[in-house]
Amino acid sequence: MQLIQEKPDLSAYLASDEAIDHLHPLVRETAARLAAQATDSYVYAQAAYEFVRDTISHSADSGDPRVTWRASDVLAQGTGICHAKAHALAALLRAEDIPTALSYQRLTHDVGSGHCVHGLVAVRLGGAWHRQDPRGNKPGVDARFSLAGERLAFLPDAESNEMDYPVLYAAPHPVVLRVMKEAPDRPYLWEHLPDAL
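Reading guide: rules and limits
Residues numbered from 1 in each chain as written. Predicted model: local features only at pLDDT ≥ 70, side-chain atom pairs only at ≥ 80, totals over all residues. Heavy atoms only, no water. Salt bridge = Lys/Arg side-chain N within 4 Å of Asp/Glu carboxyl O. Helix = DSSP H or I, 4+ residues; strand = E, 2+ residues; numbered from the N terminus. Buried < 20%, exposed > 50% of the residue type's maximum accessible area, 1.4 Å probe, protein only. Expected span 1.5 Å × (residues − 1). Polar contact = N/O pair within 3.5 Å; in protein donor to acceptor, adjacent residues only side chain to side chain.

### So, the pattern of salt bridges
Thinking step 1. According to the stated counting rule, one finds 11 salt bridges in the structure shown.
Thinking step 2. One salt bridge connects R131 with E150, and the closest N-O pair in it is separated by 2.7 Å. Note that R131 is positioned in strand β6 (residues 128-132) and E150 in the loop between β6 and β7 (163-164), a separation of 19 residues in sequence.
Thinking step 3. When its relative accessible area of 2% is taken as the criterion, R131 is described as buried.
Thinking step 4. Measuring nitrogen to oxygen at the nearest pair gives 3.0 Å for the salt bridge that ties R131 to D164.

### Describing helix α2 (residues 41-55)
Thinking step 1. Here α2 spans 21 Å end to end across 15 residues, near enough to the 21 Å set by a 1.5 Å rise per residue.
Thinking step 2. Those residues of α2 lying buried are Y44, A45, A48, Y49, F51, V52 and R53.
Thinking step 3. Among the residues of α2, the N-terminal cap falls to D40, whose side-chain oxygen and the backbone nitrogen of Y42 are separated by 3.1 Å.

### What to know about unusual backbone geometry
Thinking step 1. Despite not being glycine, D97 shows a phi value in the positive range, around 60°.
Thinking step 2. In this fold, D97 is placed in the loop between α5 (82-95) and β4 (100-108).

So yeah, pure geometry; function would need other evidence.
Structure representation (structure tokens):
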């Protein structure tokens, strides 16, 4: 699949906004701690990815009812759904001047019917975009950081009307962000995730 930048200027993928608030002290402290152990941008990007994937719990897997959507809140509370974890990873990567986009998939909803939009990131390293899925692993899900072929949590099934969206967004998609901001708790959010973009 050919990935398409929503914005032609890479600086858009380094910007701070209300969800990807990489100027927040907690984001900066976390990025600095991870960067202190990294020898280059690739090592840092992998470390940031593994930190978000492995230390921030996916709230649906853990049963945590809290809804986080701002990167600094995801880091502070240690929980979030896929979109929240993508915001946190994007903030950590942008904090170290690595262009990062938000990317999405349309997947079958695990509540049993219909579809929902799943959140990923795409990182710009080595002159190309590489999608990564920080949602967190569990039985049947084994996502990995990779620049040599995607190692995402889920592969869309076209026969089930699942799909990868090719657009790389500089900011969270407004439909996704609105639902996250309005949700009183994670069960409500889970039922109201958009089914398409």
